[in-house]
Amino acid sequence: MSAVAKLAATPDYYSALKSRTPDVEARYRKLTPRSQEAFARAARVFPGGYTRDAIIRGPHPTFVERASGATMYDLDGRALTDFWFNATSLALGHAHPAVIEAIAAQLPRGTAYFAPTQNEIELAETVLPRLPGAARIRFANSGSEAVMMAVRFARAYRATKQHAASTIVKFEGSYHGSYDDVAWSVSPKVADAGANDAPRPVAETAGLAGTEGRVAVLPFNDVAALRRYVEARHAEIAAILVEPMANRLGLVMPETKFLAEARALCDRFDVVLVFDEVISFRVGYSGVQGVVGLRPDLTTLGKIIGGGFAVGAVAGRADILDLSAPERGGRVTHAGTFNANPITSIAGRVTMETLTPAAFAQMNALGDYARARLAEVTRGLPLQVTGAGSLFKVTATDRAIRDYRDAATTDKAWEATCSLALLNEGFVLTPTMSGCISYITTREHVDALVSAFQALAGA
Ligand code: PMP
């Protein structure tokens, strides 16, 4: 029996690495004394030391001082190869010269005005043509705000058809940002979450007002459950909100027939189909909707379209977005002090102009390469490599992932230790072992990551 086959046959493959967690953490502490100090200081002003949940990582996060290209430098002067680029948002990498030059020219001219600029039109004009179903766009400051606005637009649109339709259908395991009405069943305990095909909505956070008339949770990828629910309840439904690539399930693409069924049901009952492409817009020139050839009614965007600055947007059908045109009675309101500020608009425009179809082809080819190499070194182990385009993930389960219940079999503790051990070696992935390629990522970066991973994961 080969070493690999032997490891795979061991029932507690994951324990081998997990039993080393104390050593991995001790080494991390030793490598990052200045981050530890900064974290102690942070804990005096931030609850538990954090002001952003996604970066929570034990024993403490790595504080970054500066970054350039694919490299971040931490307070202890370590050079870290970045494979997460501020949650996938920096498609050109850190401090890309074209972006820096453009915003440096703008900075002395002012950073935000109580007035529009032509920069925001230019950003809109580089984004909208990529979304064939979208004729209008409005900018906000985060993906969460974009989702919040899409929900409001969808409810307002349905109200114009005289339906008391306010429920947003979302899917178990999907994360759509901080807004209350979507903070349900993102990562529920399976024991609390009801039947597989009829999940119970579980609050993701304290402080929510309830689901009644606001949100319903259905299983991801389940065509029959979706059809059953929408056929029975369409008069109450404002929107189907779906990630066309499910990030928290492991960067998993849904079956095309699932998205096609959502499209067909929305057409049939005039329900608004919202694709949340806040992350997945980096999967291709026209996002995942371009890959699968489906047009949602609204698309929520964020991350890459801000070129490294805070951004969100909702784009879509003119008859829905125009509900916020000023001359309308009973209109959808949408304000925001920093919406479409010139810095975000310029950085976003330069970034999107750089992201030509050829640039996507380059990033996605390297994404294919990364997934193939990782698959090679995990063969025979109870690990799987998922992702699409420039996104990849190593998931600690051997169960094929179609929905949240499959993803919930993942050994998260193994992933967290593996990720921390990689950080000790100088590679930044999420604590769930998600990674991404940016335009400046090279094959050498990927090869170095794969070697470090191979040494750790025992393949
Ligand atoms: N939707 C999706 C699919 C996301 O992945 C995220 C953030 N990761 C959001 C919405 C929220 O975006 P933001 O963090 O900019 O508020």
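What comes next concerns the included structure. (Residues numbered from 1 in each chain as written. Predicted model: local features only at pLDDT ≥ 70, side-chain atom pairs only at ≥ 80, totals over all residues. Heavy atoms only, no water.)

With respect to the pattern of salt bridges
(1) Moving on: For the structure shown, the criterion picks out 25 salt bridges.
(2) Moving on: Here Asp74 ties to Arg78 by a salt bridge, and the two come within 4.0 Å at their closest N and O atoms.
(3) Moving on: By relative accessible area, which is 0% here, Asp74 ends up buried.
(4) Moving on: On the accessibility criterion, Arg78 (13% relative accessible area) is buried.
(5) Moving on: Close ionic contact of Asp447 with Arg373 constitutes a salt bridge, the shortest N to O distance being 3.0 Å. One end of the pair, Asp447, is in helix α17 (residues 443–457); the other, Arg373, is in helix α14 (residues 357–378), and 74 residues separate them in sequence. (Salt bridge = Lys/Arg side-chain N within 4 Å of Asp/Glu carboxyl O. Buried < 20%, exposed > 50% of the residue type's maximum accessible area, 1.4 Å probe, protein only. Helix = DSSP H or I, 4+ residues; strand = E, 2+ residues; numbered from the N terminus.)

Considering the packing of helix α16 (residues 412–424) against α17
(1) Moving on: Put simply, α16 and α17 touch, their axes get as near as 10 Å, and they point 130 degrees apart. With respect to their mutual orientation, α16 and α17 come out oblique. The way α16 lies across α17 gives a crossing that is right-handed. Residue-level inspection shows Trp414, Cys418, Ala421 and Leu422 of α16 in contact with α17, the latter providing Leu449, Ala452, Phe453, Leu456 and Ala457.
(2) Moving on: Among the residues making up the contact of α16 with α17, the classes are represented as nine nonpolar, no polar and no charged. (Axes fitted to C-alpha atoms, helices over the stretch in contact; angles between N-to-C directions. Parallel < 35°, antiparallel > 145°, perpendicular 65-115°, else oblique. Left-handed = near helix turned anticlockwise from the far one by under 90°. Contact = heavy atoms within 4.5 Å. Nonpolar A, V, L, I, M, F, W, Y, C, P; charged D, E, K, R; others polar.)

Section: α17
In an α-helix, one turn spans 3.6 residues; hence positions three or four apart end up facing the same way.
(1) Moving on: Taking 1.5 Å of rise per residue, 15 residues should cover 21 Å, and α17 covers 21 Å from first to last C-alpha, within 8% of that figure.
(2) Moving on: Of the positions making up α17, those classed as buried are Val446, Leu449, Val450, Ala452, Phe453, Leu456 and Ala457. Down the axis of α17, the sector holding all buried residues measures 165 degrees, keeping them to one side. Exposed residues on α17 whose side chains face more than 90 degrees from its buried face are Glu444 and Ala455.
(3) Moving on: Tucked into the core, α17 has its buried residues touching α2 (13–18), α14, β14 (391–395), α16 and β15 (427–428). (Expected span 1.5 Å × (residues − 1). Arc of directions from axis to C-beta.)

Quick look at the nonpolar core
(1) Moving on: Of all hydrophobic cores here, the largest spans 66 residues; its most connected members are Ile305, Leu383, Trp414 and Phe453.
(2) Moving on: Ranked by the residues each element gives to this core, the list is headed by α14, at eight residues.
(3) Moving on: Both domains that furnish three or more residues to this core are identified here as domain 1 (3–95 + 356–457) and domain 2 (98–354).
(4) Moving on: Excluding its chain neighbours within four sequence positions, the residues that come into contact with Phe453 are Leu374, Val377, Thr378, Leu383, Val394, Trp414, Cys418, Leu422 and Met433.
(5) Moving on: Ranked by size, the runner-up nonpolar core spans 28 residues in total, among them Val169, Ala216, Val252 and Ala262. (Core = buried A, V, L, I, M, F, W, Y, C linked by side-chain atoms within 4.5 Å. Domains from an automatic or database assignment.)

Brief notes about the site of the ligand
(1) Moving on: Residues in close proximity to the ligand include Ser142, Gly143, Ser144, Tyr175, His176, Gly177, Glu243, Asn247, Asp276, Val278, Ile279 and Lys303, which together make up its full environment.
(2) Moving on: Contacts to the ligand include Lys303, whose side-chain N or O atom sits 3.0 Å from a nitrogen atom.
(3) Moving on: Split by residue class, the shell around the ligand holds three nonpolar, six polar and three charged. (Near = heavy atom within 4 Å. Polar contact = N/O pair within 3.5 Å; in protein donor to acceptor, adjacent residues only side chain to side chain.)

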